[in-house]
Amino acid sequence: MLIESVRVTEQRVFQSLWEALAAHDRLTADHCKRVSEASYLLAKAGGLSEAEAIEAKYAGLMHDLGKIGIPEAILNKPAKLDPFEAKRMMGHPAWGEHILRPFAHLPLIAAILPAVRSHHERYDGAGYPDGLAGENIPLLGRIIAIVDTVDAMTQNRAYRKGLPLEVAYAEIARCSGTQFDPKWAAIYLESKNYVAETETKKAA
Ligand SMILES: [Fe+2]
């Protein structure tokens, strides 16, 4: 019988699930890699421990895993989603948690489940899937929400060019306290060049 460390098993699970996501939608998988790096950097910039920053890194890597359950035609639709499609799309955080849950006996996976589920919650309680507000939203979910937004806005799509980083930074500032945790939005905006430029370099 193969005996390997828990850490190695966790790495294999992450690699396998990421490869499955990449086979379904390469753009989303690459987005997850950039969000992973940026989440780690933001966690460190905010003074979290190395262990917590590593949780942020893997939570970022897996945050959109649930998009594996959404047809490519919806994921890459150049027009506005209809209500049925939007509902389907909004199911991805809970679906990602559902896919990961069988591995919840592994500590790192148990630690990231709440972040995967909560990365579309909003600080004002108007997000999904649970409508959590403020610090009831798991910390890693609040961190990912910020870097996810910046990457989504600045990323090139087949049907539109990504927006400049400055526009994304302005959005983080504008939505601080409504969509985003104001404390972590401020940390992001103070360290944004460090976080975003490292992220952009790695993605290049
Ligand atoms: Fe997402």
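So, how was this worked out
- Residues numbered from 1 in each chain as written.
- Predicted model: local features only at pLDDT ≥ 70, side-chain atom pairs only at ≥ 80, totals over all residues.
- Heavy atoms only, no water.
- Helix = DSSP H or I, 4+ residues; strand = E, 2+ residues; numbered from the N terminus.
- Rg over C-alpha atoms; globule rule 2.2 N^0.38 Å.
- 1 Å grid on protein atoms, 1.4 Å probe; cavity = no way out; pocket = protein on both sides within 12 Å on 5 of 7 lines; lining within 4 Å.
- Points joined across faces, edges and corners; volume = space filled by probe spheres on them.
- Donors = N, O, S within 2.8 Å, 3.2 Å for Na, K, Ca; no water.
- Tetrahedral: all angles 85-135°; square planar, octahedral: opposite > 155°, others 65-115°.
- Buried < 20%, exposed > 50% of the residue type's maximum accessible area, 1.4 Å probe, protein only.
- Core = buried A, V, L, I, M, F, W, Y, C linked by side-chain atoms within 4.5 Å.
- Contact = heavy atoms within 4.5 Å.
- Nonpolar A, V, L, I, M, F, W, Y, C, P; charged D, E, K, R; others polar.
- Arc of directions from axis to C-beta.
- Axes fitted to C-alpha atoms, helices over the stretch in contact; angles between N-to-C directions.
- Parallel < 35°, antiparallel > 145°, perpendicular 65-115°, else oblique.

Enquirer: Tell me about the overall build of the protein, and please be specific about residues and values.
Expert: Across its full length, the protein holds 10 helices and 0 strands. When the helices and strands of the protein are read in sequence order from the N terminus, they spell out α-α-α-α-α-α-α-α-α-α. Taken over the C-alpha trace, the protein has a radius of gyration of 16 Å; the compact-globule value for 204 residues is 17 Å, and the two agree within 12%. Projected onto the principal axes, the alpha-carbon positions of the protein cover approximately 55 × 40 × 35 Å.

Enquirer: Tell me about empty space enclosed by the protein, and please be specific about residues and values.
Expert: Summed over all chains, the structure comprises 1 cavity of 30 Å³ or more. When its volume is computed, the largest cavity comes out at roughly 30 Å³. Together, S118, E121, Y123, I137, G141, R142, A145, Q179, F180 and D181 line the largest cavity. If you tally residues by element for the lining of the largest cavity, the top one is helix 8 (residues 139-154), at 3 residues.

Enquirer: Any details on the coordination of the iron ion? Residues and values, ideally.
Expert: The protein atoms that coordinate the iron ion are D64 (OD), H92 (NE2), H119 (NE2) and H120 (NE2), at distances spanning 2.1 to 2.3 Å. With 4 donor atoms in place around the iron ion and angles of 86 to 175 degrees between them, the coordination shape is irregular. Of note, the iron ion draws all its donor residues from one chain, in the sequence arrangement D-x27-H-x26-H-H. Placement of D64 in the loop between helix 3 (50-62) and helix 4 (72-75) and of H92 in helix 6 (residues 92-100) is noted, with a sequence separation of 28 residues between them. Neither residue differs from the other here; D64 and H92 are each classed as buried.

Enquirer: Describe the nonpolar core, and please don't skip the residues or the numbers.
Expert: In terms of nonpolar packing, the biggest core is built from 48 residues, with F14, L42, M62, L100, I112, I146 and Y188 touching the most fellow members. Elements supplying a minimum of two residues to this core: helix 1 (6-24), helix 2 (26-45), helix 3, helix 7 (107-118), helix 8, helix 9 (165-174) and helix 10 (182-203). Not counting chain neighbours up to four residues away, the residues in contact with M62 comprise F14, L17, W18, L100, I112 and V116.

Enquirer: Explain the layout of surface pockets to me, using residue names and the numbers behind them.
Expert: In this structure, the largest pocket spans a volume of roughly 840 Å³. Around the largest pocket sit 33 residues that line it, and K67, M89, H120, Y128 and A152 are the ones nearest its centre. Those elements giving two or more residues to the lining of the largest pocket turn out to be helix 2, helix 4, helix 5 (83-89) and helix 8. Among the elements that make up the lining of the largest pocket, the one with the highest residue count is helix 8 (5 residues). Class assignment of the residues belonging to the lining of the largest pocket gives a composition of 14 nonpolar, 9 polar and 10 charged.

Enquirer: Let's hear about helix 6: which residues, and what values?
Expert: Turning to helix 6, its buried residues are H92, P93, G96, E97 and L100. With its buried residues spanning 140 degrees around the axis, helix 6 presents them on a single face.

Enquirer: Which residues make up the packing of helix 1 against helix 2, and what values do they have?
Expert: For the pair helix 1 and helix 2, the least separation of the axes is 5 Å and the interaxial angle reads 140 degrees. For the element pair helix 1 / helix 2, the angle class is oblique. Judged by residue contacts, W18, L21, A22 and H24 of helix 1 engage R26, T28, A29, D30, C32 and K33 from helix 2.

By themselves these figures say nothing about function.
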